[in-house]
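Spelled out, the chains give:
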Amino acid sequence: METEPYILLSAILFTIGAVGVLVRRNAIVVFMCVELMLNASNLALVTFAKANGNLEGQVAAFFVMVVAAAEVVVGLAIIMTIFRTRRSASVDDASLLRF
Amino acid sequence: MTAFWILAPIMVLAAIGILFVRKAVHAALLLAVVMISLAVLYAGLDAPFLFAVQIIVYTGAILMLFLFVLMLVGVDASDSVVETIRGQRVLAALLGILMVVTLVVGLSQVSFGTVVGLDAANEGGNVEALADLLFSKYVFAFEVTSALLITAALGAMVLAHRERTVPKAGQRALAEQRMRDYAESGKHPGPLPAPGVYARHNAVDTPALLPDGTPAEASISRVLAARGAVRTARADQVDEVVRQLAAPGSQTEVVDVPEREGDDVTSASDVAVGESDASAPGSDSSTRAGDHSTGEGERA
């Protein structure tokens, strides 16, 4: 097994997720892109765990998953609340805090 | 490594697809492809516990949550094509290319050394080894994680909960409201018309036809109208179908029409069922619609 292809794949997935956050309008799809970035970093962590013969990378990936689950729950609840009051899930519409 | 070379292009294509698909549901499905492929990669990287957790937590729980919220948010969830900030997409694409180039160049200059492998660390089982780490070195982080999860659950409950400010309208109040509407604005107090009556199909996406042959908008579900999934069902199209069905050697059925003029009930049910002899009742209904149009017009 080589380490490099896995890390490159992780980097590419992370970049695609970052571009998705910048490009997409729909708040839910933006959230999915954030998830994609978290998954990409998880892949790098697991790869490094194997490369170094050390399980701490896998523990870190596990914690990332837990935090991602908590984040998704709260984030989607916020999106639902915004949708309920503004009838729109677009990230451009929620601009009340802009000055 | 073969699994990697098969899955990596699939994952990259699916991830790029997330950027381009219009519907959020399709994006969720593509994300599921990426996540399941990642789980397989984890299995190949000697991480069986994370393989299971990836499938159970990510594809099982998180993506289902996404689909749930998409279902609640509903038909309005598709993206608009117009840019609100000019040149945003071009800039984002440039930034993305820049980032990928930087990462690839940077990574290609690093030597990762020889792979040690997890055979020694996984000797007593991957789950056991992970548990050893979690409950000794990382036990504080583990405890904090539980606090985080409880906070998230409470936050979701608080955010998604809606306090009712006015009492729920009961059956009596609704009936009174209906009659008041009828008295004030003449709004029909009864149920809405059923879809598909006297139309080509009795499907729910086909509006009922009014006596003058125009579709009745009220007979179609609001959701279907918002999705743009409503079929057109004009009376002239009914005539068209009748002509197509009655084209070769079925003159007798068309001649049949005046006899059937009287019995409304059977011809109406024939049209609704739409059986093989739909040609005669079809033309029947359109002529009948013409007959009744004056009376209906007065009522409306």
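For clarity, every value in this text was computed on a predicted model and none was experimentally measured.

Colleague: Can you explain the overall build of chain B? Please cite residues and give values.
Modeller: The helix and strand inventory of chain B stands at 13 helices and zero strands. Listing each helix as α and each strand as β along chain B from the N terminus yields α-α-α-α-α-α-α-α-α-α-α-α-α. Residues classed as buried in chain B amount to 23% of the 300 residues present.

Colleague: Break down the overall build of chain A for me, with residues and values.
Modeller: The secondary structure content of chain A amounts to three helices and zero strands. Ordered by position in the sequence, the α and β elements of chain A form the string α-α-α. On C-alpha atoms alone, chain A measures out to a radius of gyration of 17 Å, which is more than a quarter above the 13 Å that the 2.2 N^0.38 rule sets for 99 residues. Projected onto its principal axes, the C-alpha coordinates of chain A cover approximately 50 × 25 × 20 Å. Within chain A, the proportion of its 99 residues that are buried is 59%. Across chain A, every contact between residues at least 6 apart in sequence was considered, and the portion connecting residues at least 24 apart equals 49%.

Colleague: Tell me about the nonpolar core, and please be specific about residues and values.
Modeller: Ile28, Met32 and Leu36 of chain A together with Leu31 of chain B are the most contacted members of the largest nonpolar core, which has 75 residues in total. For this core, the secondary structure elements donating two or more residues are helix H1 (4-23), helix H2 (27-52) and helix H3 (56-86) of chain A together with helix H1 (2-20), helix H2 (24-44), helix H3 (48-73) and helix H6 (139-160) of chain B. The biggest single contributor to this core is H2 of chain A, with 17 residues.

Colleague: If you had to explain the interface of chain A and chain B to someone new, which residues and values would you point to?
Modeller: Taken residue by residue, the interface counts 64 residues in chain A and 68 residues in chain B. Broken down by secondary-structure element, the contributors of at least two residues to the side of chain A that touches chain B are H1, H2 and H3 of chain A. For the side of chain A that touches chain B, the element with the most residues is H3 of chain A, which contributes 22 residues. When the residues that make up the side of chain A that touches chain B are grouped by side-chain class, the tally is 43 nonpolar, 13 polar and eight charged.

Colleague: Describe the packing of H2 of chain A against H3 of chain A, and please don't skip the residues or the numbers.
Modeller: All names here are of chain A. For the pair H2 and H3, the least separation of the axes is 8 Å and the interaxial angle reads 175°. The pairing of H2 with H3 is recorded here as roughly antiparallel in orientation. Touching Ala27, Ile28, Phe31, Glu35, Leu38, Ser41, Asn42, Leu45, Val46, Phe48 and Ala49 of H2 are Glu56, Gly57, Gln58, Ala60, Ala61, Val64, Met65, Ala68, Val72, Gly75, Leu76 and Ile79, all from H3. Taken together, the residues of the contact of H2 with H3 break down into 16 nonpolar, five polar and two charged.

Colleague: Account for the environment of Arg180 of chain B, naming residues and giving values.
Modeller: Within the element layout of this structure, Arg180 of chain B appears in helix H7 (residues 171-185). C-alpha separation for the pair Arg180 of chain B and Phe66 of chain B, spaced 114 residues apart in sequence, amounts to 42 Å.

Colleague: Give me the packing of H1 of chain A against helix H4 (residues 88-108) of chain B: which residues, what numbers.
Modeller: Axis separation between H1 of chain A and H4 of chain B bottoms out at 9 Å; the angle between their running directions is 165°. With respect to H4 of chain B, the element H1 of chain A is oriented roughly antiparallel. Considering only the axes of H1 of chain A and H4 of chain B, their crossing is right-handed. From H1 of chain A, Glu4, Ile7, Leu8, Ala11, Ile12, Thr15, Ala18, Val19, Leu22 and Val23 of chain A reach across to H4 of chain B, where they touch Arg89, Ala92, Ala93, Leu95, Gly96, Met99, Val100, Leu103, Val104 and Leu107 of chain B. A breakdown of the residues in the contact of H1 of chain A with H4 of chain B according to their chemical character gives 16 nonpolar, two polar and two charged.

Colleague: Can you tell me about H7 of chain B, naming the residues and giving the values?
Modeller: All names here are of chain B. The terminal C-alpha atoms of H7 lie 21 Å apart, and with 15 residues this matches the ideal 21 Å at 1.5 Å per residue to within 8%. The element H7 is largely exposed, with a buried count of zero among its 15 residues. Of the residues one or two after H7, Gly186 is the one with positive phi, at around 75°.

Criteria and thresholds
Residues numbered from 1 in each chain as written. Chains lettered and ligands numbered in written order. Predicted model: local features only at pLDDT ≥ 70, side-chain atom pairs only at ≥ 80, totals over all residues. Helix = DSSP H or I, 4+ residues; strand = E, 2+ residues; numbered from the N terminus. Buried ≥ 20, exposed ≤ 12 C-beta atoms within 10 Å, placed from the backbone. Rg over C-alpha atoms; globule rule 2.2 N^0.38 Å. Contact = placed C-beta atoms within 7 Å. Core = buried A, V, L, I, M, F, W, Y, C linked by C-beta atoms within 7 Å. Nonpolar A, V, L, I, M, F, W, Y, C, P; charged D, E, K, R; others polar. Axes fitted to C-alpha atoms, helices over the stretch in contact; angles between N-to-C directions. Parallel < 35°, antiparallel > 145°, perpendicular 65-115°, else oblique. Left-handed = near helix turned anticlockwise from the far one by under 90°. Expected span 1.5 Å × (residues − 1).

Remember that the coordinates give geometry; whether it matters functionally is a separate question.
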